[in-house]
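This is what each chain is made of:
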Amino acid sequence: MVNGRPLTGASGAGGEVGHPPFGTPGQRCPCGAAACWDLEVDGRALARHLADEAPDDPYDYAQSVLDRAERGDPDAAAAVARVAAALARGTAGLANLHDPDIVTLDGLAIPLRAAATDAFDTAYTAGLMTFHRDRPPRVIDAAHRDHGALSGAAAVGLDHLTSEAALADWHDLHAREGGS
Ligand SMILES: [Zn+2]
């Protein structure tokens, strides 16, 4: 976001932050690219670290591992810490690239960081260029959490319908229909 507006890129796919090659070389992502960061920061990564089979539902699997970690399972906690560190390394990489004021996390990133804050903070600081470390870009949980995209789409729709230009179009349309 720059000055309150999303930068959506040349083809509308800007902000696909899950797919820079911050992951393991050679590992193929469903998006078609190799070594995507996405593969390191969700339930698939947790399953690899725990030597489990690839889960059908990585999100639910991740929730179950987070629950196990919270209950004191050391293997689950270690896997969560590894994934939180991978999340933080990529976040630092993106912070080095974009020099943002604030980084927001949503989805699974929120509970992963919360469950392993030391691992996250250590890897985040280590991944930042030195000049960022005095005032590192603040990492916060997104206000709308998992519903950010949906809330944003609804807000854009409402803005579109209630903008001065949209209201003028609506007025013109009715004027034309009234005159025909
Ligand atoms: Zn990918």
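Bear in mind the structure is a predicted one, so any value in this text is a computation, not a measurement. (Residues numbered from 1 in each chain as written. Predicted model: local features only at pLDDT ≥ 70, side-chain atom pairs only at ≥ 80, totals over all residues. Heavy atoms only, no water.)

**Quick look at the overall build of the chain**
Formally: Strands here are runs of E lasting at least two residues and helices are runs of H or I lasting at least four, both read from the DSSP assignment and numbered beginning at the N terminus. Note on method: radius of gyration uses C-alpha positions; expected globular size equals 2.2 Å times residues raised to 0.38. Burial classes follow relative accessibility: with a 1.4 Å probe on protein chains only, a residue under 20% of its type's maximum area counts as buried, one over 50% as exposed, and anything between as partly exposed. In what follows, residue pairs with any heavy atoms lying within 4.5 Å of each other are defined as contacts. By the counting rule applied here, Lys and Arg register as positive and Asp and Glu as negative, while His and the ends of each chain are not counted. The atom standing in for a charge is NZ when the residue is Lys, CZ when it is Arg, CG when it is Asp and CD when it is Glu.
Summing up its helical and strand segments, the chain has 8 helices and 2 strands in all. Beginning at the N terminus, the succession of helices and strands in the chain can be written as α-α-α-β-α-α-α-β-α-α. A globule of 180 residues ought to have a C-alpha radius of gyration of about 16 Å, yet the chain, at 21 Å, is considerably larger. Each principal axis of the C-alpha distribution contributes one length, and for the chain these read about 75 × 40 × 35 Å. Per-residue burial for the chain yields a buried fraction of 31% across its 180 residues. In the chain, 52% of the contacts between residues at least 6 apart in sequence involve partners at least 24 apart. In the chain, 14 positive and 26 negative side-chain charges are present, and the distance between their average locations comes to 6 Å.

**Considerations on the packing of helix H2 (residues 58–70) against helix H3 (residues 74–98)**
Which entries qualify depends on this criterion: Here an axis means a line fitted to C-alpha atoms, over the contact stretch when the element is a helix, while the angle between two N-to-C directions is reported on a 0 to 180 degree scale. Reported orientations rely on four angle classes, namely roughly parallel under 35 degrees, roughly antiparallel over 145, roughly perpendicular from 65 to 115, and oblique for the rest. Left-handed describes a crossing in which the near helix is turned anticlockwise from the far one by less than a right angle; the clockwise case is right-handed. Basically, the charged four are Asp, Glu, Lys and Arg, the nonpolar ten are Ala, Val, Leu, Ile, Met, Phe, Trp, Tyr, Cys and Pro, and anything else, Gly included, counts as polar.
Interaxial distance between H2 and H3 falls to 7 Å at its minimum, and their mutual angle equals 120°. Classified by the angle their axes make, H2 and H3 are oblique. Note that H2 runs across H3; the crossing there is left-handed. From H2, Val65, Leu66, Arg68 and Ala69 reach across to H3, where they touch Ala76, Ala77 and Val80. Counted by class, the contact of H2 with H3 contains 6 nonpolar, no polar and 1 charged residues.

**Let's talk about unusual backbone geometry**
Within the chain, Asn3 stands out as a residue other than glycine whose phi angle is a positive 50°. Relative to the assigned elements, Asn3 resides in the segment before helix H1 (43–49). Owing to a relative accessible area of 79%, Asn3 belongs among the exposed residues under this scheme. The backbone of Arg145 shows a phi angle near 50°, a positive value even though the residue is not glycine. For Arg145, the position within the fold is in the loop between strand S2 (138–141) and helix H7 (148–162).

**A closer look at the environment of Arg82**
In plain terms, the rule: Under the rule applied, a polar contact is a pair of N or O atoms within 3.5 Å (in protein, one hydrogen donor and one hydrogen acceptor; residues adjacent in sequence only if both atoms are side-chain atoms).
By secondary structure assignment, the location of Arg82 is in helix H3. C-alpha separation for the pair Arg82 and Ala116, spaced 34 residues apart in sequence, amounts to 8.8 Å. Separated by 3.4 Å, the side chains of Arg82 and His49 make a polar contact.

**With respect to the coordination of the zinc ion**
Ideal geometry at a metal centre gives angles of 109.5 degrees when four donors are arranged tetrahedrally and 90 or 180 degrees when six donors are arranged octahedrally. Applied cut-off: Water is absent from the atoms considered, so a metal site may look incomplete; donors are defined as N, O and S atoms within 2.8 Å of the metal, or 3.2 Å for Na, K and Ca. Angular criteria define each label, namely tetrahedral for four donors with all angles between 85 and 135 degrees, square planar for four and octahedral for six donors with opposite donors over 155 degrees apart and remaining angles between 65 and 115, and irregular for whatever fails these tests.
Protein ligation of the zinc ion involves His19 (ND1), Cys29 (SG), Cys31 (SG) and Cys36 (SG), the donor distances falling in the range 2.0 to 2.3 Å. Because the angles between the 4 donor atoms bound to the zinc ion fall within 107 to 114°, the donor set is best described as tetrahedral. Each donor residue of the zinc ion belongs to the same chain, and together they define the spacing H-x9-C-x1-C-x4-C. Note that His19 is positioned in the segment before H1 and Cys29 in the segment before H1, a separation of 10 residues in sequence.

**A short note on the environment of Leu112**
With respect to the helices and strands, the residue Leu112 is situated in helix H4 (residues 109–115). For Leu112, the contacting residues outside a window of four places in its chain are Val41, Leu66, Val80, Val83, Ala84 and Leu87.

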